[in-house]
Structure formats: structure tokens, C-alpha cells
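# Coordinate analysis (summary)
Listed here are the chains, written in short residue letters.
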Amino acid sequence: MSSSGASSDRKLAAILFADIVGYTAMMQSDEGQAMSRLERYQQVLESNVTLFNGEIVKNYGDGSLCLFNSVLDAVRCAYSVQEQLREEPQVPLRIGLHLGDIMFRKDDIYGDAINIASRIESMGVPGAVLLSNEVHGKVKNQADLLFQSLGEYQFKNVEAAIEVFALANGGLTVPKKEDIKGKFTADTPTLLPKWFFPIVLIIMTLALLEYWNITSFSSYFSNSEQVQSNNSKASSLAVLPFRNLSPDQENQFFCDGVTEAVLSNLSKISGLKVIARSTIEQYKNTTKNISVIARELGVTNIIEGSVQRSGNKVRITTQLVDPDTKEQIWSDVYDSDLDDIFGIQSEIAENIAKKLMIDLTPQSEAILASLPVHNIAAYDQYLKGKEILNRYTYSRDEQDYRQAVFHFEESLKLDSTIAESFVGLGNAFWRRNWRETVLEETFLDTARMYYEKALAINDNLPEAHSQLGRYYLFHLDSERFLEHQLKAITIDENYAPAYWQLGGYHQRKFEASSYIQSIQFFNKAIELDPFSPNTPEYYNQLCWIYIHLNAFEEAEYYGKKASEFGEYSIWFQLNHLYLIQGKYDLAEQVIQEWKTSSTDTDRAMAEIIMNRDKDYKKAIALFEKHASENPNQIDYRQRWGLAYYLDGQKEKGEELLLQALEQYEKHLELRGTTHLYDIVGIYAFLGQTDKAFEILEDPERVFWGGLETYSAIDPLFQNLWDNEKFKANIQNRLKAKKEILRQVRAATLSN
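Attention here is on the structure that accompanies the text. Keep in mind that this is a model prediction, so the values were computed, not measured.

Cut-offs applied
- Residues numbered from 1 in each chain as written.
- Predicted model: local features only at pLDDT ≥ 70, side-chain atom pairs only at ≥ 80, totals over all residues.
- Heavy atoms only, no water.
- Helix = DSSP H or I, 4+ residues; strand = E, 2+ residues; numbered from the N terminus.
- Buried < 20%, exposed > 50% of the residue type's maximum accessible area, 1.4 Å probe, protein only.
- Contact = heavy atoms within 4.5 Å.
- Areas by Shrake-Rupley, 256 points an atom, 1.4 Å probe, with all protein chains shown as cover.
- Salt bridge = Lys/Arg side-chain N within 4 Å of Asp/Glu carboxyl O.
- Axes fitted to C-alpha atoms, helices over the stretch in contact; angles between N-to-C directions.
- Parallel < 35°, antiparallel > 145°, perpendicular 65-115°, else oblique.
- Left-handed = near helix turned anticlockwise from the far one by under 90°.
- Nonpolar A, V, L, I, M, F, W, Y, C, P; charged D, E, K, R; others polar.
- Expected span 1.5 Å × (residues − 1).
- Core = buried A, V, L, I, M, F, W, Y, C linked by side-chain atoms within 4.5 Å.
- Arc of directions from axis to C-beta.
- Phe/Tyr/Trp six-rings, centres within 6.5 Å; stacked < 30°, edge-to-face > 60°.
- Lys NZ or Arg CZ within 6 Å of the ring centre and 35° of its normal.
- Pairing = 2+ DSSP bridges.
- Disulfide = S-S within 2.5 Å.

### Here's the deal with the overall build of the chain
- Assigned secondary structure in the chain consists of 32 helices and 14 strands.
- The buried share of the chain, taken over its 751 residues, is 51%.
- A sequence separation of at least 24 residues applies to 64% of the contacts in the chain between residues at least 6 apart.
- Split by element, the accessible area of the chain, about 34,600 Å² in all, is 49% carbon and sulfur.

This is the structure in C-alpha cells:
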């Protein structure tokens, strides 16, 4: 760092200590191998420290001291170094991290923080990244980083005990208690736990009390054990749809709103896993046993309730149930005026958290205390709009869209501070964009405006942050995308759509670590939202990752998992998987199974007929049928043009190919790699091979798995089939993806 040359300077820094375990013994047994490991370690460390904006301040033979301005950069650097050094030839490295003041004086570096970082590093084991509670506090909310507390330790020459955490992501080693050794006070490996002396005191007291045959403390201790048992089961729950007991059944939208509000409030309590409403909706009016539901959802607690609304009065009953014993852990009845409904919803969440022995963070308390609406009539309009918008998502009915917008606008006329109604309007325009045409920017810009209005009123809305993040990613602003998605998870660590979006973002990067993170994010979304309309898309994206890596067995597994949900749009992924492998009969089988659900099957069938049967006229007829029914879709014109060209109608074919190229290049400018394969294919087919290779040889261009497989049988690429340069390019891509796949599989197995 630039400060290192100063005569005296002080600054706050993230400190990274790294050390090769057993290096001296390695030198004694095989000096050549030891030097080779040391050289590899130094190369990997140097490249990663530079990548993560740090500096190697000192090298101590087989160890190093590094400084970073960013705590997160330091942690990610440590993770990356260990990931690389577990590959052959492996280097047994341990890393310790701490945050604190350091001083530069006469080209040397001093400070207690350095001593602490060194102590933490010394207690590590090969493959471990350990960090102090100061570092953990700065990065614990990073969704892609996992941690495990190792307890508190009293280090030599360090006044206060320090809690140490291990980075617990896949592939890293988390030390076992018995393996931990280090520079501790009085050669004691760890402090006695905080609870040790109180427990000893209780035991001694009980022994004395037993002499007088007094049992009250025994009773207390028994109750404490029961509380501890409940606390161990408090980590996850599902809020089943509340029953509508209102005389007017049209109040179902209000009952659903209460369910969602209670669930949303609980979701924002840190440390509590709460299943998404989109999944629990399937249990409305269910006859399933709650123990079965709990097993299906993987939760340890179930919340049930009912809502009865009559005039300006409302009664809400709730109960917390242990699904194993079916015993009621807690229940309550709330009677109030409608104007107090929002306070009651927050109170319910607080009471449940207390019963589960969960400490509310100041942030959670603040969110629960804030009342979203002050006008019940406006709230009714918002709930009606949301109910209709959910219907529009699947109906595509113009009337549903207009009615949803109407109710949101009416809500805001009654109360212009309802941030949720602005989110509803944003969602309406966002969904309208995807229903009408993927090229209409006006709808998305309008959606962005409404999301920003919502966040200006209330910055604690995870849905608004996540949707705004999607907007920025759509416009290639990755930094703002990540900012909003991570904010959504910070507010609500159970918000599955944000994990979904982060999974999609990371799968775009051609790196093993990115694919691993992507898979972790999608699996987290599945864990929180296992049976919703969104779930098949989570599996669909996992299928896409493995297609991209040419891992077709894994891809087929996830594609079939997605298809089990019966979601009509999922057929495309399996069809595509079989098509790029030349398994045309299986591709056709998928189409026949889904034909009644999607008009897109016509164009998919046309591609099979064109490739397998060489019946270009029949393919053209199916493309024309599809075009008449879907005039706004563009992602088939290159196939339509190819069919005309191969049928001998070259002028018409070239016209459609050029139309497709123009549209795809516009997409490329807006959305990165979209249609990259087709652009290269069109250039190749039209004889513009220089332009095709300009893209193919660009290391920044990432192609989906079809490039390496489908291009070998796709007539769009027929002009490159005998091109040696093209063959070499494909082989290099296959080799790179094979290595990435190896790392991904290893990480998946380790998890």
C-alpha cells in the first residue's frame, strides 16, 4: 500500500495472514517438492491479492501478510486462494483474517490487529479460512458466503476473548474442535463456554436444595430444557393460508392479505427460515395432515389461523403448532377495529418470535414497528389489485391487467403513501412487457419509475429492490443489479426471488466459482419456495447451467424435475436439450406431451422436421402457422429463413435471415449474450466468416452449450463444418468447459 513508505501512518485495514502448514517437514523430506509448492502458493496468492485490490506487505518464507481496504475483498480473496490451492498440486494452506488499526513506521508495519490476525491464522488447519468476529460482522449478510462459529478464544497477549468463525462454503475445511491448536493463554485451546460457570452454580445449588428436599429449582431446570428444545426447533416454519370465516366470502382477498402480511413480517426476522407464500398457497383448504406438510416443506413449525371480518371489526386467531406432536405451542385471539389491523399483524410476528426464543435485531424491530398503511379503504383496493394481477400473470387477459391497474390507482388516490401500491403498478407494467413483446422498453421504464417511487416512501420493500435490480440487469448495469438484490436479501433473507435472480446473474460468468454460486443460489430458492409457480423455473435454470457445461445427464435430471410441475413453458428446455444432441425422437416426444399447452411447439416441431426429415416445405408451413399466431415473437426467424433457403427459395430465406440478424443485434446491444449463437450462425451461413470468428474468438463472449454440440449438426453452421479454425475453437471451448464442470461437480459433492 502507498502508506507503507511513510515515516508514520495509521489506518484501518483488513489483514490477511496466510501460512503453508508443515512446510519445514516438507523441506526435510523433499526439498524440490517443497519449493514447487511454495512457488505455486506465491503465484496464486499474488494473482488473487491483485485481483481483489489488496497488497502483499510482507512475505515470511512460507507465509505472507496482506492488507485490503475492503473487508469483503479480503474474504473473497481468501476463499479464491483456497479454492485454487486445493487443486493439484495441492498446497496445505491456512488463512486468518482480522479487521483493525495498523501503523506504518520506517518501512515496517505494527499493531495489535496484526498480532490478532496471526493468532487466528495459527489455529487453522489446511484448507481453512478463519476470521474474527469483527470481519464476520462486516460480511455476514453476503448471500453467497457461509459461516460457522467456532466459539470464543483467549489468545496470548490479547486482552479480550475473540469469537472466531470459519468460512464454510463448499470445498473449504471447517476445523473440528479437537483439531484446533494455537497460541492461546496458558496453552488452553479454548475458553470454557459462557454457560459453563452458571451451569456449575446451578448444579451446586440443586445439590444443596436437594438436601432440604426443595424441588422448585429442579422444576425450573426442567422448564429450561423444554425451552432449549423448542429453541432448537425454531429455525424454520410455514404459515398456512388463514381460513376465511367472514360472513361475506368476497372478503377472501382480505384474509389472503392478512396471511401474507404475517408471513412477510416473519420472513424479515433474521435467523428464521420462512417458506414463501407462493409455495404455501397450494395448501389453501388442504386436508393434509400438518406433519405431512411439515415434511414436504422441510420445516419444524407450522402456523395456522383464521380471519373473521364484519363491518369495521376483525378477529384474527393464530396458533403455533409442533407438527411432530401436533401440540399447540402458542395461540392467541386478536379482536380489533380494522384501523388497527396492521399493528396486530406485526404483534403476531413479534409474539411468535418470542415464543420461538428468537431475539429480534434492531432492524427487524424497526421493520415490524412500521405501519405500511393508514387507510383501510386504500388497503382494500391494494389487496384487490394484487389478487387480480396474480390472475393476469397466468390468464394474459387484458381485462385483468386493466382491473389490477385500476385498483392500485384507486388505492393511491385514497392514500398516496402506500408504497406497496406503487410496487403493484410496477409489477403490472413489468408483466405487461413480457406478455406483449420483449422489445417494448416503455413498459419497463414505467415499471422502474413506480419501483423508485415505492422505495422513496419505504426503503424496506424486498420486492421493489429485487424488481428494480432486474431492470438494471436488463440494461447491463451489474453493479446496481447486485446492490438491489443484496439489499432485498438483507431486508428479508427468505426472499426467494432475489436468490433466483442472483443465481441467474452468476450463471452468465464463464467461471467455475460463478457456476457454483449460481447453483447455490438456485438451491436456496428451491429450499424457500419448493412448490410454487416459480419453482419449475428454478429447476429450469439449473438445467440450463448443465446444458451450458455440456453435462447432459444432470441437465436432463433438472429438466425432468421442472416438467413435474406441469408448467407449460418448461417443455422448451427439455426439447432443446434433446435437439442439440440430435436426439430428435425424444425432442418430438416432449413436444407431443406439451402440444396442448403452448403454440410455440409448432416452431419447435418445424426445426426437428427440417433437421431430421429434411422436409423443408412442411417446416415452412409450421413456421408460417406459428408466425400468424405469434406476430410479435422474433426468436425463430433465422430457422424460418433457413428452411426457405434450404428449400431453394434463397431470396426469401436470406430476407428472413437478415431480419433476424438485425433484431438479434439489437437484443445483443440491450441484453449481452442473448442470441449470440444465432448471430454467429447467420454470419457463417451467409458466408461472413470473418464476422463469425470475430465473435467466436472473443474471450469475453460466453456461449450456451449448444455451440459445442448443436453446431456440429445444425445446418446454420454447415459452412464451418470443415473449417479447421472452427474445429480448434470448439475443442478449446470443450476443454475449458470440461475443467469448469469438474470443479462444479466437486463442489456440489462436497456440499
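Having seen it, we continue.
### Focus: the pattern of salt bridges
- A complete count under the given rule lists 34 salt bridges for this structure.
- Of the charged contacts, one joins Arg277 and Glu260 as a salt bridge, the two residues approaching to 2.7 Å between their closest N and O atoms. A residue pair is termed long-range when its members are at least 10 positions apart, and Arg277 in helix 9 (residues 277–280) and Glu260 in helix 8 (residues 252–267) qualify at 17 residues.
- We note a salt bridge from Arg612 to Asp585, for which the minimum N-O separation is 2.9 Å. Residue Arg612 is found in helix 25 (residues 601–613), and its partner Asp585 is found in helix 24 (residues 584–594); the two are separated by 27 residues along the sequence.
- Because the salt bridges share partners, they merge into one network encompassing Asp256, Glu260, Arg277, Glu281, Lys284 and Lys386.

### Brief notes about the packing of helix 18 (residues 478–491) against helix 19 (residues 496–506)
- Closest axis-to-axis distance for the helix 18/helix 19 pair is 9 Å, and the angle between their directions is 150°. Here helix 18 is positioned roughly antiparallel relative to helix 19, judged by the angle of their axes. Once helix 18 is placed against helix 19, the crossing between them reads as left-handed. Packed against helix 18, whose contacting residues are Ser478, Phe481, Leu482, Gln485, Leu486, Ala488 and Ile489, the element helix 19 presents Ala498, Tyr499, Gln501, Leu502 and Tyr505 at the interface.
- In terms of residue class, the contact of helix 18 with helix 19 is made up of 9 nonpolar, 3 polar and no charged.

### Details of helix 25
- Across its 13 residues, helix 25 extends 17 Å between first and last C-alpha, which sits within 8% of the 18 Å expected from 1.5 Å per residue.
- Along helix 25, the residues classified as buried are Thr601, Asp602, Arg603, Ala604, Met605, Ala606, Glu607, Ile608, Ile609, Met610 and Asn611.
- In this structure, the buried side of helix 25 is in contact with helix 23 (571–580), helix 24, helix 26 (616–629) and helix 27 (637–646).

### Brief notes about the nonpolar core
- Counting residues in hydrophobic clusters, the biggest one holds 92 residues, and the most contacted among them are Leu542, Tyr546, Trp640, Phe703, Phe717 and Val744.
- With 9 residues, helix 20 (residues 512–528) is the largest single contributor of residues to this core.
- Phe703 has contacts with His548, Leu676, Tyr677, Val680, Ile695, Leu696, Arg733 and Lys737, leaving out every residue within four places of it along the chain.
- In terms of nonpolar packing, the next biggest core, distinct from the first, is built from 77 residues, Leu297, Ile302, Tyr379 and Ala404 among them.

### Concerning helix 30 (residues 689–696)
- When we look at burial in helix 30, the residues that qualify are Ala692, Phe693, Ile695 and Leu696. Summarising the axial view, the buried residues of helix 30 lie within an arc of 160°, below the 170-degree limit, and thus occupy one face. Pointing more than 90 degrees away from the buried face of helix 30 are the exposed residues Asp690 and Glu694.

### Details of the packing of aromatic side chains
- Following the criterion strictly, the structure yields 21 aromatic pairs and no others.
- Ring centres of Tyr471 and Tyr472 lie 5.4 Å apart, and the angle between their planes is 80°; on these two criteria the pair is classed as edge-to-face. Both residues of the pair, Tyr471 and Tyr472, count as buried.
- Through a chain of ring-to-ring contacts, three or more aromatic side chains come together here, namely Tyr392, Tyr401, Phe422, Phe429, Phe443 and Tyr450.
- Of note, Arg309 hangs over the ring of Phe254, and the distance from its end group to the ring centre comes to 4.5 Å.

### Considerations on the environment of Gly385
- Counting through the fold element by element, Gly385 comes out in helix 13 (residues 376–395).
- The exposure class of Gly385 is buried, given its relative accessible area of 0%.
- Considering only alpha carbons, one finds Gly385 and Phe253, 132 residues apart in sequence, at a separation of 9.6 Å.
- Each residue touching Gly385, except ones within four places of it in the same chain, is listed here: Ala404, His407 and Phe408.

### Remarks on the pairing of strand 12 (residues 301–310)
- Counting buried residues along strand 12, 7 of its 10 residues qualify, which places the element largely inside the surrounding structure.
- As judged from the 3 bridges shared by strand 9 (residues 236–239) and strand 12, these two strands associate in the parallel manner. For Ala238, the partnering residue across the bridge sits in strand 12 and is Ile302.
- In this structure, strand 12 lies alongside strand 13 (residues 313–321), joined through 9 bridges in antiparallel fashion.

### Regarding the pairing of strand 9
- The alternating pattern of strand 9 places Ser236 and Ala238 on one face and Leu237 and Val239 on the opposite face, and all of these are buried.
- Pairing of strand 9 with strand 11 (residues 273–274) involves 2 bridges; the strand directions are parallel. In the strand pairing of strand 11, Ser236 is matched with Lys273.

### Digging into the packing of helix 27 against helix 29 (residues 676–685)
- Close contact between helix 27 and helix 29 brings their axes to 11 Å; oriented N to C, the two are set at 20°. One element, helix 27, and the other, helix 29, form an angle in the roughly parallel class. In terms of crossing hand, the pair formed by helix 27 and helix 29 is left-handed. The segment helix 27 lies against helix 29, with Gln638, Arg639, Leu642, Tyr645 and Leu646 engaging Tyr677, Asp678, Ile682 and Phe685.
- Residues that form the contact of helix 27 with helix 29 fall into these classes: 6 nonpolar, 1 polar and 2 charged.

### Observations regarding the environment of Leu549
- Its place among the elements puts Leu549 in the loop between helix 21 (535–548) and helix 22 (552–563).
- Under the relative-accessibility criterion, Leu549 is labelled buried at 2%.
- The spacing of Leu549 and Arg742 is 193 residues in sequence and 9.9 Å in space, taken between C-alpha atoms.
- Once you skip the residues sitting within four places of it in the chain, Leu549 turns out to touch Tyr515, Lys737, Ile740, Leu741 and Val744.

### Concerning the side chain of Ser411
- Examined against the element boundaries, Ser411 turns out to sit in helix 14 (residues 398–414).
- Since its relative accessible area comes to 0%, Ser411 is described here as buried.

### Quick look at the state of the cysteines
- Following the criterion strictly, the structure yields 0 disulfides and no others.
- Here Cys66 is not cross-linked by a disulfide; its sulfur's nearest cysteine counterpart is in Cys77, at 6.6 Å.
- Of the residues examined, Cys66 reaches a relative accessible area of 0% and is grouped as buried.
- Its relative accessible area of 0% is what places Cys77 among the buried residues.

### Describing unusual backbone geometry
- Omega for the bond connecting Glu88 with Pro89 falls within 30 degrees of zero, at -5°, which places this linkage in the cis form.
- Within the secondary structure, Pro89 is located in the loop between helix 3 (71–85) and strand 4 (93–105).
- In the Ramachandran plot, Asn53 falls in the positive-phi region, its phi being about 65° despite a non-glycine side chain.
- Here Asn53 is to be found in the loop between helix 2 (31–51) and strand 2 (54–59).
- A relative accessible area of 55% places Asn53 in the exposed class.
- We note that Lys326 has phi near 60°; this positive angle belongs to a residue other than glycine.
- The topology assignment puts Lys326 in the loop between strand 13 and strand 14 (328–337).

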